[in-house]
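Residues per chain are reported as follows:
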Amino acid sequence: MPQKIIIDTDPGVDDAMAIFFALRSPELDVIGLTTIFGNVETELATTNALRLLEQAGRTDIPVANGADNPLTGPFGGPVPFVHGDDGQGNTNFPPPTTRPIDQTAAQFIVEQVMAAPGEITLVPIGPLTNIALALRLEPRIAENVKAVVLMGGNALVPGNATPAAEANIHNDPEAADVVFGADWDVTMVGLDVTHKVNMTPAHLDRYAASGDPLARIIAQIVPFYRAYFERSFPGAQGIYVHDSSAIAYLIDPALFTVERWPVRVETQGFSRGKTWPTLPSGNSGVLPPWQNRPLVNVCVAVDAARLLALELGRLT
Ligand code: RIB
Ligand code: CA
């Protein structure tokens, strides 16, 4: 039986790649997309999510519109220099003809999880606001989801939004601290692994050469995103694989080495958004900020070659 998943997303070029990767994977049954601000404003995230499903011929999958702002304070703003003004590499594809459902993202998540106890995995690949709101709406989802597998955070490596913090967590640290603190099975697929997965120009060429229409779309949206990486990371060629790494974890968790640590999120000062695990050595696990916190599966190493082969094999 394929795993039922809800992808909570801020598309975003790498979100688009992850959604197509999931849709092309028989191990996964995408039962809904929920949208969130991050790479773009939430309204544009919803537009893009609907269009991606149209492009994939999967308008049977519902899209629920998510929160416009973090739990506390206003959204810090989109990143058009990374994903383009349209969030899809300035490809300016036509608007979708479909509409989101009437439920909010949080309502949709609660309804789906409570209707299928133990069956649904939440896959947030943007800021964690909708997930925290769903927990607030119905705390019993914690015991009724199968798992949460999220792209975000940085345990033992620097951030990307700031020297301290990864972008998804930085966009709503309070929500992230709620999600890491709830009593459910959370896996953090963060920069510790995604910055080790480099999709090279040769890999990317395979999308353009592929006969799969979704691969051809990826070939169109990626160049703007790739140019950002190559300008921003000295010596980089191609892109880092962020959101698709969470999809790869769902399909084959053995690709990853995982440590189980409690995680707190810094909500103050210039380190706002930093995810702090307890260290493997020392006794910080018993200190108050981490006391009585659940263990999170933190991905710390990855077989990048096998992950890339898995993702590319699905679309090229
Ligand atoms: O830090 C990488 C994450 O931030 C990815 O989810 C990317 O899409 C952006 O949202
Ligand atoms: Ca994302």
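Heads up: the structure comes first, above all this text.
Residues numbered from 1 in each chain as written. Chains lettered and ligands numbered in written order. Predicted model: local features only at pLDDT ≥ 70, side-chain atom pairs only at ≥ 80, totals over all residues. Heavy atoms only, no water.

## A few points about the environment of Gly-84
Counting through the fold element by element, Gly-84 comes out in the loop between helix 3 (80–83) and helix 4 (105–115). Overall, Gly-84 belongs to the buried group, its relative accessible area being 2%. A C-alpha to C-alpha distance of 19 Å links Gly-84 and Gln-237, two positions 153 residues apart in sequence. Beyond its immediate stretch of four places on either side in the chain, Gly-84 contacts Val-79, Gly-89, Asn-90 and Phe-224. (Helix = DSSP H or I, 4+ residues; strand = E, 2+ residues; numbered from the N terminus. Buried < 20%, exposed > 50% of the residue type's maximum accessible area, 1.4 Å probe, protein only. Contact = heavy atoms within 4.5 Å.)

## Considering the sheet that holds strand 4 (residues 120–124)
The 8 strands are arranged 3-2-1-4-5-6-12-9 in an open sheet whose pairing can be described as mixed. Taken across any chain shown, the strands that pair with only one partner, and hence form the sheet edges, are strand 3 (63–64) and strand 9 (256–261). Bridge analysis of strand 4 against strand 5 (residues 147–151) gives 2 bridges, and the strand direction is parallel. Each bridged residue has a counterpart across the sheet, and for Thr-121 the counterpart in strand 5 is Ala-147. Against the sheet, helix 1 (residues 13–23) touches strand 1 (3–9) and strand 2 (28–35), its axis set at about 165° to strand 1. In the packing of helix 2 (residues 42–55) onto the sheet, the strands contacted are strand 1, strand 2 and strand 3, and the crossing angle to strand 2 comes to about 150°. (Pairing = 2+ DSSP bridges. Axes fitted to C-alpha atoms, helices over the stretch in contact; angles between N-to-C directions.)

That's the geometry; what it means functionally is another story.
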